[in-house]
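# Reading the structure
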Amino acid sequence: MRPRFLLHIRLTAATALVMLAAGCAVGPDYQRPASVDVSSFKEAEGWVPALPADALERGPWWLLFGDPLLDQLQSRVEVSNQNVAVAVAAYAQARALVREQQAALFPTVTLNGGASRSKSSSSSTSATGFGGRIGNSYQLSIGGSWEPDVWGRLGRAVEGASAGAQASAADLASATLSARGLLAVNYFSLRQTDAQKALLATTSAGYQRTLEITQNRYTAGIAAKTDVLQAQTQLATAKAEDAGLARTRAQLEHAIAVLVGEAPGNFSIAPLAYAEWKPVVPEVPAGVPSTLLQRRPDIAAAERRVAAANEQIGIVKSAYFPSLSLNASYGVGASAVASLFNASSSAWSLGLSAAQVLFNAGATGARVEGAQASHEQAVARYRQTVLAAFADVEDQLAATRVLLAQQDLRREASQAADQVEQQVLNRYRSGQVSFTDVITAQATALTARRALVQAAADRQTTAVALIQSLGGGWHAGDPATAPK
């Protein structure tokens, strides 16, 4: 009996192989959607990028700013930030789905066993209900089933899941890049606030001296009481602005604590003196627009979702064709466990089945149309993501160029305002000008100084934004983020 069983297995397997050879995957082959063709960034004209052009690939991009404390904080983002942890879990889930879909390509083998105890009654004892024969029965069987992927449905499911996992990997990179960029921006804003507070402290000390001079002049009968009141108002205003900056600094410190996964009550950053604040603004290579399609994780994620939507079309189209399955089983039975494997009675089965939907009121066609529409949506989202990415880079390139020129002008204005302030104060001491002129000159000088600090900080945050818009050194297909 066993040779006949093996013969049937060979014949059925041969039949399945012939069907597999004749089969083909249904549905469209994937092609990356066409996007806008841009040869160069318009806002990069006249702007000389840093050399070498692989600066972002030599290590973590935040190292370019040369701030050891920022480096320490960035090392905690990937470990403690909960938004990144969500993306990590989503990526792990997507990888598990890939393995689940791959498992469907292989046969499923099951082992079944059972035991029963029964009683049979003879005709002589059935009337009274007593007597009869009681017996035990034991069964053991092994079976297997396999669905040949004749129409490519299972293969497309695997490809779709793989594309989804790659999209999740890009989402993880995007979430990490976003968290790191936000941390850098908040940190630089905090340091700018420290510089502004130190500047206000120095200015307030100057205002205090001016108030003392004015009071002395008022005591001597040279100045009016209004001069003293104006000096007091100016000093109080500067102190009030310093208090407002203290609030801003506290909020930025709390935001940084959340980004590194720390309770704000347990986290603090020591203030920095104005002389210690030396903002570094790295030159960021913009590259060519074509590399943006590989460097931006959000673009990579959108493109991978187009691929997944394309595979879904083939999956639903396979419903037009019959589904095939190969089933086989072999089992033995006995009245005692000890003789189960020596039993002379056995049973086996082997079969190939096919099922075809003949009528479902157009449900399959509707699913195909829905999958095609979903694919068109994914294509449109991909193209929109590409356009937004190009605009983002152009914006940051323009801001980088303008802020550089603006900082030079701010520095020139601040130096001139400092000289005017000193000259007007000297003239006031000699009685040549009114105190209103002093107030105006001092206010102008303070505004110019603060604008210069703001310009330097803006250049730093714009550099971070440009790095983010260029993908932060991430590349699609990076082995570190590819599904495993």
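The following refers to the structure shown. (Residues numbered from 1 in each chain as written. Predicted model: local features only at pLDDT ≥ 70, side-chain atom pairs only at ≥ 80, totals over all residues. Heavy atoms only, no water.)

### Structural notes on the overall build of the chain
Per the secondary structure count, the chain includes 10 helices and 4 strands. Listed N to C, the secondary structure of the chain is α-α-α-α-β-β-α-α-α-α-β-β-α-α in terms of helices and strands. A burial count over the chain gives 38% of its 484 residues as buried. Long-range pairs, those at least 24 residues apart, make up 84% of the contacts in the chain between residues at least 6 apart in sequence. Carbon and sulfur atoms make up 57% of the accessible area of the chain, which totals about 26000 Å². (Helix = DSSP H or I, 4+ residues; strand = E, 2+ residues; numbered from the N terminus. Buried < 20%, exposed > 50% of the residue type's maximum accessible area, 1.4 Å probe, protein only. Contact = heavy atoms within 4.5 Å. Areas by Shrake-Rupley, 256 points an atom, 1.4 Å probe, with all protein chains shown as cover.)

### A short note on the packing of aromatic side chains
Considering all chains together, one arrives at 4 aromatic pairs under this definition. Members of the aromatic cluster, each reached through a chain of ring pairs, are Phe-65, Tyr-187 and Phe-188. Taking the ring centre of Tyr-428 as reference, the NZ or CZ of Arg-217 above it sits at 4.4 Å. (Phe/Tyr/Trp six-rings, centres within 6.5 Å; stacked < 30°, edge-to-face > 60°. Lys NZ or Arg CZ within 6 Å of the ring centre and 35° of its normal.)

### Brief notes about the nonpolar core
Within the largest apolar cluster, 46 residues are counted, with the highest numbers of intra-cluster contacts made by Trp-61, Phe-65, Leu-73 and Ile-256. For this core, the secondary structure elements donating two or more residues are α2 (68-74), α4 (82-103), α5 (153-219), α6 (225-259), α7 (289-295), α8 (297-317), α9 (363-429) and α10 (435-469). Sort the elements by how many residues they give to this core and α5 lands first, with 9 residues. Each residue touching Leu-73, except ones within four places of it in the same chain, is listed here: Leu-183, Tyr-187, Ile-256, Val-260, Phe-267 and Ile-269. The next biggest cluster of nonpolar side chains, apart from the first, holds 18 residues, and it includes Ala-223, Tyr-428, Val-438 and Ala-441. (Core = buried A, V, L, I, M, F, W, Y, C linked by side-chain atoms within 4.5 Å.)

### What to know about the environment of Thr-400
In this fold, Thr-400 is placed in helix α9. Looking at Thr-400, the relative accessible area reads 18%, which means it is buried. Along the backbone, Thr-400 and Thr-461 are 61 residues apart, and their C-alpha atoms lie at a distance of 9.8 Å.

### Focus: a nonpolar patch on the surface
A surface patch of nonpolar side chains, about 320 Å² in accessible area, is lined by Val-109, Leu-111 and Ile-142. Its place among the elements puts Ile-142 in strand β2 (residues 133-146). When its relative accessible area of 44% is taken as the criterion, Ile-142 is described as partly exposed. (Patch = residues over 30% accessible without salt bridge, like charges linked within 9 Å, V, L, I, M, F, W, Y side chains within 5 Å. Salt bridge = Lys/Arg side-chain N within 4 Å of Asp/Glu carboxyl O.)

### Notes on the packing of α5 against α6
Remark: α5 packs on α6, axes separated minimally by 8 Å, with the N-to-C direction vectors making an angle of 165°. Here α5 lies roughly antiparallel to α6, going by the angle between them. Note that α5 runs across α6; the crossing there is left-handed. (Axes fitted to C-alpha atoms, helices over the stretch in contact; angles between N-to-C directions. Parallel < 35°, antiparallel > 145°, perpendicular 65-115°, else oblique. Left-handed = near helix turned anticlockwise from the far one by under 90°.)

### Side note on the pattern of salt bridges
Taken as a whole, this structure holds 16 salt bridges when the rule is applied. In this structure, Arg-305 engages Asp-171 in a salt bridge whose closest nitrogen and oxygen atoms are separated by 2.3 Å. Of this pair, Arg-305 sits in helix α8 while Asp-171 is found in helix α5, placing the two residues 134 residues apart along the sequence. Since its relative accessible area comes to 39%, Arg-305 is described here as partly exposed. In this structure Asp-171 comes out as partly exposed when scored by relative accessible area, which is 30%. Its salt-bridge partner being Glu-421, residue Arg-449 comes within 2.5 Å of it at the nearest N-O pair. Residue Arg-449 is located in helix α10, and its partner Glu-421 is located in helix α9; the two are separated by 28 residues in the primary sequence. Side by side, Arg-449 and Glu-421 carry an identical accessibility label, which is buried. Residues joined by salt bridges that share partners form a network here, namely Arg-191, Asp-194, Arg-249 and Glu-253.

### Remarks on the pairing of strand β3 (residues 323-334)
Here 9 bridges tie β2 to β3, and the two strands are oriented antiparallel to one another. In the sheet register, Leu-140 faces β3, and the bridge partner there is Val-332. Pairing between β3 and strand β4 (residues 346-355): 10 bridges, direction antiparallel. Bridging across to β4, Val-332 finds its partner in Ser-346. (Pairing = 2+ DSSP bridges.)

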